[in-house]
Amino acid sequence: MLRHPQFLKDLVTGTAGALAAIHVSPEGLVLGCSPGVDEDDADRWSAVMAALHAVSNRSTEIIGLSTAERGLWGHSVIEDRSGRTLILVGANDGSMLATVCGKNAQLGDIAARLVELADSTVAVGAAA
């Protein structure tokens with residue numbers, strides 16, 4: 001059974017243009033999602049996030065940063081042809097937060113909210 005943590009409900013209901021949100025562990029396990037995301041979609045979404053997380057972390061090697069210079073994975077933004085956007089943010093505990101945004105969403109506001117959640121203990125506490 002999927003969990004619907006309050007911080008993900010608030011993100012979707014309180015942020016214009018945010019359609020759905022998910023919280024995934026560093027191993028790619030679904031920790032929670034916003035209401036309306038079914039279990040099959042959550043599982044597919046978490047698999048994609050885990051793969052993107054790996055690619056994002058490895059990309060620092062491509063641009064030549066040494067191991068000592070690499071920090072936490074920041075974020076990725078993917079837009080599809082219909083105008084929807086997926087924003088992924090790495091949290092301090094290694095987990096990932098993501099939101100699907102509508103065509104006319106204020107992406108900067110949504111990304112800032114995701115970063116705020118990722119940097120706070122809200123996401124970490126929700127995983128516990």
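Scroll up to find the structure.
Below or above, wherever it landed, is the structure these notes cover. (Residues numbered from 1 in each chain as written. Predicted model: local features only at pLDDT ≥ 70, side-chain atom pairs only at ≥ 80, totals over all residues. Heavy atoms only, no water.)

1. Topic: the overall build of the chain
(1) Moving on: Across its full length, the chain carries four helices and five strands.
(2) Moving on: For the chain, with 128 residues in total, the buried portion stands at 41%.
(3) Moving on: A fraction of 52% describes how many contacts in the chain between residues 6 or more apart in sequence connect residues 24 or more apart.
(4) Moving on: Of the roughly 7000 Å² of accessible surface on the chain, a fraction of 54% belongs to carbon and sulfur atoms. (Helix = DSSP H or I, 4+ residues; strand = E, 2+ residues; numbered from the N terminus. Buried < 20%, exposed > 50% of the residue type's maximum accessible area, 1.4 Å probe, protein only. Contact = heavy atoms within 4.5 Å. Areas by Shrake-Rupley, 256 points an atom, 1.4 Å probe, with all protein chains shown as cover.)

2. Some details on the nonpolar core
(1) Moving on: Judged by nonpolar contacts, the single largest core of 16 residues is most densely connected at Ile-87, Leu-97, Ile-110 and Leu-114.
(2) Moving on: Contributions of two or more residues to this core are made by α1 (6-14), β1 (18-24), β4 (85-90), β5 (96-101) and α3 (107-119).
(3) Moving on: With 13 residues, the next largest nonpolar core counts Ala-20, Ile-22, Trp-45 and Leu-88 among its residues. (Core = buried A, V, L, I, M, F, W, Y, C linked by side-chain atoms within 4.5 Å.)

3. Re α1
(1) Moving on: Among the residues of α1, those classed as buried are Phe-7, Leu-8, Leu-11 and Val-12. In a view along the axis of α1, the buried residues occupy a sector of 130°, so they form one face of it. Facing away from the buried surface of α1 by more than 90 degrees, the exposed residues are Thr-13 and Gly-14. (Arc of directions from axis to C-beta.)

4. A closer look at the pattern of salt bridges
(1) Moving on: A complete count under the given rule lists two salt bridges for this structure.
(2) Moving on: The salt bridge partner of Asp-41 is Arg-44, with a shortest N-O separation of 2.4 Å. Separated by three residues within a single helix, Asp-41 and Arg-44 lie in helix α2 (residues 39-62), roughly one turn from each other.
(3) Moving on: A relative accessible area of 36% means that Asp-41 is categorised as partly exposed.
(4) Moving on: According to the relative accessible area criterion, Arg-44 is exposed, its value standing at 51%.
(5) Moving on: Residues Arg-113 and Glu-116 are paired through a salt bridge, measuring 2.5 Å at the closest nitrogen-oxygen approach. Here the residue Arg-113 and the residue Glu-116 both occupy positions in helix α3, the gap between them amounting to three residues, near one helical turn.
(6) Moving on: Judged by relative accessible area, which is 26%, Arg-113 ranks as partly exposed. (Salt bridge = Lys/Arg side-chain N within 4 Å of Asp/Glu carboxyl O.)

5. Quick word on the pairing of β5
(1) Moving on: Where burial is concerned, most of β5 is hidden: five out of the six residues are buried.
(2) Moving on: Both β1 and β5 contribute to a ladder of six bridges, which runs antiparallel. Pairing of Val-24 across the sheet is with Met-96, part of β5.
(3) Moving on: The pairing of β4 with β5 spans six bridges and is classified as antiparallel. By the bridge assignment, Gly-90 is partnered in β5 with Met-96. (Pairing = 2+ DSSP bridges.)

6. Describing the side chain of Thr-85
(1) Moving on: Along the polypeptide, Thr-85 turns up in strand β4.
(2) Moving on: A relative accessible area of 3% means that Thr-85 is categorised as buried.
(3) Moving on: Those residues within four positions of Thr-85 in sequence are excluded, and the remaining contacts are Val-77, Ile-78, Glu-79, Thr-99, Val-100, Cys-101 and Leu-107.

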